[in-house]
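# Topology and contacts: notes
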Amino acid sequence: AVVSTQSTGGVMEEIPSILSDRFIHRRVARTIMGNYFMLPRRPVYGSEDILLRTPNRNYTVDNMDQLFLDLGVPLGPEMLDTVANSSYVEDPAVPVHCFNGKDIQTTSSYFYTNQKDFPDEIPTDVWGDGDGTVPARALKVCHGWESTRSVTEYSGKALGEHGKILDNKDLIKKVIDIVKDNQSCTEKCSIRNRT
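Computed from a predicted model, the values in this text were never measured in an experiment. (Residues numbered from 1 in each chain as written. Predicted model: local features only at pLDDT ≥ 70, side-chain atom pairs only at ≥ 80, totals over all residues. Heavy atoms only, no water.)

### Digging into the overall build of the chain
Heads up, the condition is: Here a helix means four or more residues in a row that DSSP labels H or I, a strand means two or more in a row labelled E, and each is numbered from the N terminus. Only protein chains enter the calculation, and the probe is 1.4 Å; a residue is then buried if its accessible area is under 20% of its type maximum, exposed if over 50%, and partly exposed in between. Throughout, a residue-residue contact means that at least one pair of heavy atoms, one from each residue, lies within 4.5 Å. We get accessible surface area from the Shrake-Rupley algorithm with a probe of 1.4 Å; when it comes to residues, only the shown protein chains can shield them.
From N to C terminus, the chain includes eight helices and eight strands. For the chain, the proportion of its 195 residues judged to be buried stands at 27%. Counted over contacts in the chain with a minimum sequence separation of 6, partners at least 24 positions apart contribute 57%. For the chain, the accessible surface area stands at approximately 12800 Å², while carbon and sulfur atoms represent 54% of it.

### Some remarks on the packing of helix 4 (residues 64–71) against helix 5 (residues 76–83)
Operational definition: Here the axes come from fitting lines to C-alpha atoms, over the contacting stretch only for helices, and the angles between their N-to-C directions go from 0 to 180 degrees. When the near helix sits turned anticlockwise from the far one by under a right angle, the crossing is termed left-handed; a clockwise turn instead gives a right-handed crossing. We call Asp, Glu, Lys and Arg charged. Ala, Val, Leu, Ile, Met, Phe, Trp, Tyr, Cys and Pro are nonpolar, and the rest, Gly among them, are polar.
Viewed as axis vectors pointing N to C, helix 4 and helix 5 meet at an angle of 145°, and their least axial separation amounts to 8 Å. Crossing of helix 4 over helix 5 shows right-handed handedness. Facing Met64, Asp65, Phe68 and Leu69 of helix 4, the residues of helix 5 in contact are Gly76, Pro77 and Leu80. When its residues are assigned to classes, the contact of helix 4 with helix 5 shows five nonpolar, one polar and one charged.

### Quick word on helix 5
To keep it simple, the criterion reads: This arc is taken over the directions from the axis of the helix to the C-beta atoms.
Burial in helix 5 covers these residues: Gly76, Pro77, Met79, Leu80 and Val83. Each buried residue of helix 5 sits inside an arc of 165° when the element is viewed along its axis, so together they form one side. Exposed and oriented more than 90 degrees from the buried face of helix 5 are Glu78, Asp81 and Thr82. Contacts from the buried residues of helix 5 go to helix 3 (33–37) and helix 4.

### A short note on the environment of Arg27
Assignment of secondary structure puts Arg27 in helix 2 (residues 22–29). On a C-alpha basis, the gap between Arg27 and Val73 in space is 8.9 Å, while along the polypeptide they are 46 residues apart.

### Points about the pattern of salt bridges
Opposite charge on two side chains permits them to pair, given that their charged atoms come into close proximity. Cut-off, in case you're wondering: Every case where a carboxyl oxygen of Asp or Glu lies within 4 Å of a side-chain nitrogen of Lys or Arg is listed as a salt bridge.
Evaluation of the coordinates by the stated rule reveals six salt bridges. As a salt-bridge pair, Lys174 and Asp170 come within 3.6 Å of each other at their nearest N and O atoms. You can see Lys174 and its partner Asp170 sitting in helix 8 (residues 169–194), four residues apart, about one turn around the helix. Given the relative accessible area of 32%, Lys174 is considered partly exposed. Overall, Asp170 belongs to the partly exposed group, its relative accessible area being 34%.

### Looking at the environment of Arg53
Relative to the helices and strands, Arg53 is located in strand 3 (residues 52–53). Taking relative accessible area as the criterion, Arg53 reaches 34% and is therefore assigned partly exposed. Residues Arg53 and Tyr112 lie 59 residues apart in sequence; the distance between their C-alpha atoms is 6.2 Å. Sequence-distant contacts of Arg53, defined by excluding residues within four places in its chain, comprise Asn58, Tyr110, Phe111 and Tyr112.

### Some points on the sheet that holds strand 7 (residues 124–130)
The condition is simple: Two strands pair if DSSP finds at least two bridges between them.
Sheet architecture is open: four strands sit in the order 4-3-6-7, paired in mixed fashion. Two strands bound the open sheet, and with one partner strand each, they are strand 4 (58–59) and strand 7. The pairing of strand 6 (residues 104–111) with strand 7 spans seven bridges and is classified as antiparallel. Of the residues in strand 7, the one forming a bridge with Ile104 is Gly130.

Written as structure tokens, this is what we have:
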């Protein structure tokens, strides 16, 4: 079945329903291990941080296993357990330069007004700060590391939006300068090591 058509450069393309069905996408997304690495975890999120609210239950990092079961994802707890000990918040002990967006409306949690809508209907977004994709609290993890050499935040969609930040000319210039500085240091360090 074809659910819609779209125009691409004057050519009409038919989009089969298998490519546009959100339930099919959801089933696939729930099997991709990389998605579990991106789920909220401690210590960035705590017991008081509601990730999903329904009229009958609030879900936090403390009851993610129950959330997966309630969503009908029986392998979810096992997949989450697989990534539970992989740290994304520890200082990597190498020089780090943090770049991130801010001051952009970003989903911080979700809310189902009616229990009957959970889990198949689309929930209401609860908004917070971030880069339009990643909440600010996760973006700022690298800000506190001892190995962080610089932090640059870009305010607003034009400069700091998650998908556009790599087009930011200031960011590109700063990354080039960092690479040049590292090459310069490497050359100097190599010369020092020879003498």
